[in-house]
Amino acid sequence: MSGIKLFRIATWVAVAVLGGILLASSGWLPGTRPTPESVATGTARVGGPFTLTSHKGDAVDNAKLAGKPYLVFFGFTHCPDICPTTLYELTNLMADLGPAADRLTPLFITVDPERDTQTVLAEYMTAFDGRILALRGDKAATDAAVKAFAAYYRKVPTDGGYTMDHTAGVILIDEEGRFAGTLDLHEPRENVLAKLRRLTAA
Amino acid sequence: MFRRTAAALAALIALAGPSLAHEFKAGTIEIGHPWSRPTPPSAPVASGYMKLTNTGTEVDRLTAISSPAAERADIHRSIVENGVASMRPVEALAIEPGATVDFEAEKLHVMFIGPDRQLKDGERFPATLVFEKAGAVEVEFVVQRRAAEEAPADHSGHGG
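Predicted model only: the values in this text are computed from it and were never measured.

**Some thoughts on the overall build of chain A**
Phase 1: Looking only at helices and strands, chain A has six helices and nine strands in total.
Phase 2: Sorting the 202 residues of chain A into buried and exposed places 35% on the buried side.
Phase 3: A fraction of 70% describes how many contacts in chain A between residues 6 or more apart in sequence connect residues 24 or more apart.

Dropping the structure here:
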């Protein structure tokens, strides 16, 4: 095969791949159009002003957090499985990271401020690494925070109460306040630690 | 000599500890190692996991769970879809003949609502499971950080 022919093939492959990406991201393809319930954590959409109160009673906003990397995940205390497991896992990861963990602030933002009062959160958080902050705000402040991280939550009525659907992953934000990926705590521990080490590397 | 043996025995018991598998039986249903995670203080809910095996020839269903240690108990399935976590109640969990329903593997959990205390590592609490055919059976949930079979994978060595 001549060099020119190879080049031509490679060019067409590149065109096809790029075209596919453009088409998919523009939402033209059936099934790829973002529905109102979809969650996008693309760079462009993450970041935005929010102000919440920590379980220790301090105001925490995006400006205060700037300059150090942080992690964000959404949850609520009436969640028996995923939320406490994530908090226990983050507690372990903070210990494994060693001194680098001091540069990192994991944030647990409640999507259920109605039941997760500051008193509840203050007690709840004593079980986990002291550097993890639980944050809450009123409905408007919660909505703003959810929007700032291009996340999602929804109140779902149940028999005798309600539960919350919420974005599951842990969002990584670098020291410039930019989206730096997500953590899936089911991925191999080494991958998770490598991502956190990269994020906390000065 | 005796002291050394006693120390070894104590170590063995400590190792086996609370996560030593335990089993219960109701008719043709075997209930393998019911366990629960330690809860943070003032946690409004607690979780429970187990393995239900149907050794019979007919389908059976887990229709109710209750515990003196909680106001109420439901069965839920956790779903993560398009990055969104949700929890939905499961009514009458079917256990097919010859099959095992592994709560952890199938993203199921018992949700104990309103636990009467903070659950701590190593504790046990009673619960009653009610099956459509096998009837009611008393079991005991062991509070531990992880399922026993997962313990070796936790190489961090300092637990949660």
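**Notes on the interface of chain B and chain A**
Phase 1: At the junction of the two partners, chain B supplies 23 residues and chain A supplies 27 residues.
Phase 2: Going through the elements one at a time, strand E3 (45-54), strand E5 (70-81), strand E6 (84-89) and strand E9 (108-115) of chain B are the ones with two or more residues in the side of chain B that touches chain A.
Phase 3: In terms of residue count, E6(B) provides more of the side of chain B that touches chain A than any other element does, five residues in total.
Phase 4: Its residues assigned to classes, the side of chain B that touches chain A shows 12 nonpolar, 10 polar and one charged.
Phase 5: Sheet analysis places strand E7 (residues 161-167) of chain A next to E6(B), joined by two bridges and oriented antiparallel.

**Quick word on unusual backbone geometry**
All names here are of chain B.
Phase 1: Backbone geometry at alanine 92 places phi at a positive 45°, although glycine is not the residue there.
Phase 2: Here alanine 92 shows up in the loop between E6 and strand E7 (93-95).
Phase 3: For alanine 92, a count of 12 C-beta atoms within 10 Å corresponds to the exposed category.
Phase 4: We note that lysine 107 has phi near 60°; this positive angle belongs to a residue other than glycine.
Phase 5: Structurally, lysine 107 is set in the loop between strand E8 (100-102) and E9.

**Some words on the UniProt feature "binding site: Cu cation" (unreviewed entry) in chain A**
Phase 1: Following the UniProt record, one finds the feature "binding site: Cu cation" (unreviewed entry) at Cys79(A), Cys83(A) and His166(A). The greatest C-alpha distance among the residues just named is 10.6 Å, despite their covering 88 residues of sequence, which places them together in space.
Phase 2: Exposure remark for Cys83(A): the 25 C-beta atoms within 10 Å place this residue in the buried category.
Phase 3: Apart from the residues lying within four places of it in its own chain, the contact partners of Cys83(A) are Gly75(A) and Phe76(A).
Phase 4: Not counting chain neighbours up to four residues away, the residues in contact with His166(A) comprise Phe74(A), Gly75(A), Val111(A), Tyr152(A), Tyr153(A), Val84(B) and Ala85(B).

**Remarks on the sheet that holds strand E1 (residues 51-54) of chain A**
All names here are of chain A.
Phase 1: Judged by pairing direction, the sheet is mixed, and its seven strands sit side by side in the order E2-E1-E5-E4-E3-E8-E9 without closing on themselves. Either end of the sheet is taken by a strand with one partner, and the two such strands are strand E2 (59-61) and strand E9 (179-183). Averaged over neighbouring strand pairs, the angle between their axes works out to 35° when direction is ignored.
Phase 2: Strand direction decides the pairing type here: strand E4 (residues 105-110) and strand E5 (residues 133-136), joined by three bridges, are parallel. For isoleucine 109, the partnering residue across the bridge sits in E5 and is leucine 135.
Phase 3: Running over the sheet, helix H3 (residues 82-97) touches strand E3 (70-75), E4 and strand E8 (170-173) and is turned about 160° from E3.
Phase 4: Seen against the sheet, helix H6 (residues 189-200) touches E8 and E9 and runs at an angle of roughly 160° to E9.

**A look at H6(A)**
Phase 1: Under the 1.5 Å per step criterion, the end-to-end length of H6(A) is 16 Å for 12 residues, consistent within 8% with the ideal 16 Å.
Phase 2: Buried residues along H6(A) sit in contact with H3, E8 and E9 of chain A.

**What about the confidence of the model for chain A?**
When pLDDT is low, close inspection of the predicted coordinates is not appropriate.
Phase 1: Looking at chain A as a whole, the pLDDT averages 84, with 77% of positions reaching at least 70.
Phase 2: This stretch, residues 25-44 of chain A, has a pLDDT under 50; its non-local contacts, to residues over four places away or in other chains, come to 26 contacts.

The rules behind each value
- Residues numbered from 1 in each chain as written.
- Chains lettered and ligands numbered in written order.
- Predicted model: local features only at pLDDT ≥ 70, side-chain atom pairs only at ≥ 80, totals over all residues.
- Helix = DSSP H or I, 4+ residues; strand = E, 2+ residues; numbered from the N terminus.
- Buried ≥ 20, exposed ≤ 12 C-beta atoms within 10 Å, placed from the backbone.
- Contact = placed C-beta atoms within 7 Å.
- Nonpolar A, V, L, I, M, F, W, Y, C, P; charged D, E, K, R; others polar.
- Pairing = 2+ DSSP bridges.
- UniProt positions renumbered as here; feature names shortened; annotations may be inferred.
- Axes fitted to C-alpha atoms, helices over the stretch in contact; angles between N-to-C directions.
- Expected span 1.5 Å × (residues − 1).
- pLDDT = per-residue confidence, 0-100.

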